[in-house]
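# Working through the structure, step by step
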Amino acid sequence: KDMPMPFHPRAMPAARMFEAVAMQDASKAPAFYDAMYDHQERLIAEGDHYLEETVRTLGLDVNRARRDAASDAVTARIAADVAEAQRFGFSGTPGFLVNGVALEGAYPIETFARIIDLQLGAIRRR
């Protein structure tokens, strides 16, 4: 889900390009996502050039990605994701929803395991 934070100058362009990548080849979207987070300094310094270089490196059509990133469909998708996050009370990232339990922030894997175990226990008791 997308939730580009307004304080990050390249968050929205990166989110838009992520969605454009996913439209071309959903299997390559995770690699794009990882590149944005792993190289935030390049994203900030190089802007659109870095976004497009990453798309090209993934073997995708850069011109199509530019068009898709600017599309109404991508705008609507991001707006829907942000609205959903707000409905669950998320104001930042990361945010997780585990069977109705909202977690905002980074947590160790044990926290998720405990929530899942509690949820499964509740189901078994029914």
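Remember, it's a predicted structure, so these values are computed and weren't measured experimentally.

## Some thoughts on the packing of aromatic side chains
- Within the structure shown, the criterion is met by 3 aromatic pairs.
- Taking the centre distance of 6.3 Å and the plane angle of 70° together, the rings of Phe 18 and Tyr 33 count as edge-to-face. Taken together, the positions of Phe 18 in helix H1 (residues 11-24) and Tyr 33 in helix H2 (residues 29-38) put the pair 15 residues apart, joining distant regions of the chain.
- Phe 18 sits in the partly exposed class, given a relative accessible area of 21%.

## Observations regarding a nonpolar patch on the surface
- On the surface, Ile 116, Leu 120 and Ile 123 cluster together into a nonpolar patch covering about 240 Å² of accessible area.
- In this structure, Ile 123 sits in helix H7 (residues 109-124).
- Classification of Ile 123 as partly exposed rests on a relative accessible area of 45%.

## Let's talk about the pattern of salt bridges
- Evaluation of the coordinates by the stated rule reveals 9 salt bridges.
- Two residues, Glu 53 and Arg 42, come together in a salt bridge whose shortest N-O distance is 3.0 Å. Separated by 11 residues along the polypeptide, Glu 53 in helix H4 (residues 48-57) and Arg 42 in helix H3 (residues 40-46) bring together distant segments of the chain.
- Of the residues examined, Glu 53 reaches a relative accessible area of 24% and is grouped as partly exposed.
- With relative accessibility at 28%, the residue Arg 42 sits in the partly exposed group.
- The shortest N-O distance in the salt bridge between Arg 66 and Glu 52 comes to 2.8 Å. You can see Arg 66 sitting in helix H5 (residues 62-69) and its partner Glu 52 sitting in helix H4, a full 14 residues away along the chain.
- Overall, the relative accessible area of 36% leaves Arg 66 in the partly exposed class.

Each value, and the rule that gives it
- Residues numbered from 1 in each chain as written.
- Predicted model: local features only at pLDDT ≥ 70, side-chain atom pairs only at ≥ 80, totals over all residues.
- Heavy atoms only, no water.
- Phe/Tyr/Trp six-rings, centres within 6.5 Å; stacked < 30°, edge-to-face > 60°.
- Helix = DSSP H or I, 4+ residues; strand = E, 2+ residues; numbered from the N terminus.
- Buried < 20%, exposed > 50% of the residue type's maximum accessible area, 1.4 Å probe, protein only.
- Patch = residues over 30% accessible without salt bridge, like charges linked within 9 Å, V, L, I, M, F, W, Y side chains within 5 Å.
- Areas by Shrake-Rupley, 256 points an atom, 1.4 Å probe, with all protein chains shown as cover.
- Salt bridge = Lys/Arg side-chain N within 4 Å of Asp/Glu carboxyl O.

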